[in-house]
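In case you want the letters, here they are:
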Amino acid sequence: MRREFIFILLIFNSLISQNNPLKQEKNSLLDIPIILSGTYGELRSNHFHSGIDIKTKGVQGLDVYSYASGYVSRIKVSHGGYGKALYIKHPDGTTTVYAHLKKFSTKIEKIVKSKQYKRESYEIEFFPKENEISVLENEIIAFSGNTGGTSGPHLHFEVRDQNQIPINPLTNSSIYIEDNRTPLFKKLFYKSYEKNNVFNSQTELKIKKVTNSLYVSDTLKSSGKIGIGIVAFDKHNRANNSNGIFKITTSLNNQNQLKILFDSISFDKTKHINAFIDYSFFKNHKIRIQKLFIEENNPLDLYSSNINNGFITIENKKNYKYEVNIYDSNGNKSRLVVPILGVKTNEPLKLVDNHAELDYIERDKEYELEFNSARVSILKETFYSNLFLEAKFENDTLSIDKDTIPLLKPITIYFNTDRY
Ligand SMILES: [Zn+2]
């Protein structure tokens, strides 16, 4: 009986590999195991990474295979950005994107070259029709490269849904990476969000690694409304570079508080990463603190099941247990336990000295700041939050605060040219 069962299994296995021989032998996109130098949703400058970056062993020219059958729906060649990029539309309405290519397959390269000659331009973009360039699953469509804005040879691979919104390839495709390493907590911060305490800064709390998946911090002693932030990474097997994490959940006294998921981020919203991280802290210290709370005017839709928008209100002399769980897309998880004790600090608000020179800007109001020969126009909802802004005109030079304040809209400056 047992022997028959094994026999049937063997037949079944060989049937699968006969039906789909290539799929069994390789990872669909390249002939080498997929090791990532970048994950989806990873924190980059002014955007969340929209795909995965696959290492190509430091070389160019590796065969790139189509993830699934479909047709080439877009080709773009540019000096910057994605360099040489190919878009394939699949029957289910999704699109896969292959970027930073060295060149396209012979049949596609021919079409691209003729377009380039015709338009007399290296940089081109065109959208072939459905029946023009069809491709099969596992067909060689291009060769990996280092074109466009890259810091080394790799393949940028993206999956877009029916609405052209980039989604996480590791959770929305069959691309598999070997990874059983747990994500890592690097740093922990908190900041007071008590009303009017606008000059409060981040306070770092020490964290200790207890096991590979458990961390404990020093006791957080504060009172009133606070927001907690973390610095966290993930590492995969066979690579030592730091990648982004996939999911964050928080809880207060075992009650779920906030869930953050990096699974679908539209191009319209990706710039609001500057509302997800503490932008001014990043500008000053080059460290991206991921805020585990949602401030007003934050348009990102990474969040779900939230209580108090992730903020914590600490009462004097009370004890709390706050927990943060971080996950990678393979389900590996690490936990950080933060003991909290309510302690009245009676700290005076840290107001700056030259307070009088600052303009208090409420984010939902419009402002016109007048100077001798210039005018600064600030539209409603230019900033993510209310703030003090330092704007001055000295020795023919207009300066408006520092570049550490994230903007939602441009600020317009008008100069009076009568004097010149
Ligand atoms: Zn990339």
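Residues numbered from 1 in each chain as written. Predicted model: local features only at pLDDT ≥ 70, side-chain atom pairs only at ≥ 80, totals over all residues. Heavy atoms only, no water.

(A) Seen up close, the overall build of the chain. Across its full length, the chain holds six helices and 32 strands. Across the 420 residues of the chain, 46% fall into the buried class. Partitioning the intrachain contacts of the chain with sequence separation of at least 6 by distance along the chain shows that 68% fall at a separation of at least 24. For the chain, the exposed area adds up to about 22,200 Å²; of that, 49% sits on carbon and sulfur atoms. (Helix = DSSP H or I, 4+ residues; strand = E, 2+ residues; numbered from the N terminus. Buried < 20%, exposed > 50% of the residue type's maximum accessible area, 1.4 Å probe, protein only. Contact = heavy atoms within 4.5 Å. Areas by Shrake-Rupley, 256 points an atom, 1.4 Å probe, with all protein chains shown as cover.)

(B) The arrangement of the coordination of the zinc ion in detail. The protein atoms that coordinate the zinc ion are His49 (NE2), Asp53 (OD) and His156 (ND1), at distances spanning 2.0 to 2.2 Å. Mapped onto the sequence, the donors of the zinc ion take the spacing H-x3-D-x102-H. Linking His49 in the loop between β3 (47-48) and β4 (52-55) with His156 in strand β12 (residues 154-160), this pair joins segments that are 107 residues apart in sequence. The exposure class assigned to His156 is buried, which follows from its relative accessible area of 3%. (Donors = N, O, S within 2.8 Å, 3.2 Å for Na, K, Ca; no water.)

(C) Representation of the packing of aromatic side chains in the model. All chains considered together, the criterion is met by twelve aromatic pairs. Pairing Phe293 with Phe311 gives two aromatic rings, centres 4.9 Å apart and planes at 35°, and the pair type is tilted. Of the two residues, Phe293 sits in the loop between β22 (290-291) and β23 (303-304) while Phe311 sits in the loop between β23 and β24 (312-314), which places them 18 residues apart along the sequence. As far as the burial class goes, Phe293 and Phe311 line up, both buried. An aromatic cluster is present here, built from Phe48, Phe262 and Phe276 joined pairwise through their rings. (Phe/Tyr/Trp six-rings, centres within 6.5 Å; stacked < 30°, edge-to-face > 60°.)

(D) Spotlight on the sheet that holds strand β28 (residues 367-370). The strand order β28-β29-β32 describes an open sheet built from three strands, whose pairing is antiparallel. Where the open sheet ends on each side, the last strands, each with one partner, are β28 and β32 (412-415). Adjacent strand axes in the sheet meet at a mean angle of 15° when their direction is disregarded. Direction of pairing for β28 relative to strand β29 (residues 374-378): antiparallel, over a ladder of four bridges. When the sheet's bridge partners are listed, Tyr367 is paired in β29 with Ile378. (Pairing = 2+ DSSP bridges. Axes fitted to C-alpha atoms, helices over the stretch in contact; angles between N-to-C directions.)

(E) View of the nonpolar core. Grouped together as the largest cluster of nonpolar side chains are 39 residues, with contacts concentrated most on Ile230 and Phe276. Contributions of two or more residues to this core are made by β14 (184-192), β19 (224-233), β20 (247-252), β21 (255-261), α5 (273-276), β24, β25 (319-327) and β26 (333-342). Residue contributions to this core reach at least three from each of two domains, namely domain 1 (25-172) and domain 2 (184-342). Those residues in contact with Phe276 that sit more than four places away from it in its chain are Leu43, Phe48, Ile260, Phe262, Ile289, Gln290, Lys291, Leu300, Leu302 and Tyr303. Counting residues in each nonpolar core, the second largest holds 33 residues, with Ile32, Val77, Val112 and Ile167 among its members. (Core = buried A, V, L, I, M, F, W, Y, C linked by side-chain atoms within 4.5 Å. Domains from an automatic or database assignment.)

(F) Expanded view of empty space enclosed by the protein. Applying the stated criterion to the full structure yields one cavity of 30 Å³ or more. By volume, the largest cavity amounts to about 80 Å³. For the largest cavity, the full set of lining residues is Thr39, Tyr40, Asn168, Leu170, Asp234, His236, Gly244, Ile245, Phe246, Phe262, Asp328 and Ser329. The residue inventory of the lining of the largest cavity, partitioned by class, reads five nonpolar, five polar and two charged. Residue contributions to the lining of the largest cavity reach at least three from each of two domains, namely domain 1 (25-172) and domain 2 (184-342). (1 Å grid on protein atoms, 1.4 Å probe; cavity = no way out; pocket = protein on both sides within 12 Å on 5 of 7 lines; lining within 4 Å. Points joined across faces, edges and corners; volume = space filled by probe spheres on them. Nonpolar A, V, L, I, M, F, W, Y, C, P; charged D, E, K, R; others polar.)

(G) Focus on the environment of Lys55. For Lys55, the location among the structural elements is in strand β4. Separated by 184 residues in the primary sequence, Lys55 and Ala239 have C-alpha atoms spaced 9.9 Å apart. Not counting residues up to four positions away in its chain, the partners in contact with Lys55 are Leu30, Ile32, Ile35, Leu36, Ser37, Ala239 and Asn241. One polar contact links Lys55 to Asn241, side chain to side chain, over a distance of 2.9 Å. (Polar contact = N/O pair within 3.5 Å; in protein donor to acceptor, adjacent residues only side chain to side chain.)

(H) Quick look at the confidence of the model for the chain. In the predicted model, the chain carries a mean pLDDT of 89, and 89% of its residues have values of at least 70. Note on residues 1-26: pLDDT is under 50 here. Beyond four places in sequence and across chains, it has 13 contacts. (pLDDT = per-residue confidence, 0-100.)

(I) Representation of the pattern of salt bridges. In this structure the tally under the stated criterion is 20 salt bridges. The salt bridge involving Lys187 is made with Glu204; its shortest N-O contact spans 3.4 Å. Here the residue Lys187 occupies a position in strand β14, and Glu204 occupies one in strand β15 (residues 203-205), the gap between them amounting to 17 residues. For Lys187, a relative accessible area of 26% gives the class partly exposed. For Glu204, a relative accessible area of 44% puts it in the partly exposed group. The closest approach of N and O atoms between Lys269 and Asp301, which form a salt bridge, is 3.0 Å. Of this pair, Lys269 sits in the loop between β21 and α5 while Asp301 sits in the loop between β22 and β23, and the two are 32 residues apart along the sequence. Lys269 gets classed as partly exposed once you look at its relative accessible area, which sits at 25%. When salt bridges that share partners are traced, they join Glu42, Arg44 and Asp53 into one network. (Salt bridge = Lys/Arg side-chain N within 4 Å of Asp/Glu carboxyl O.)

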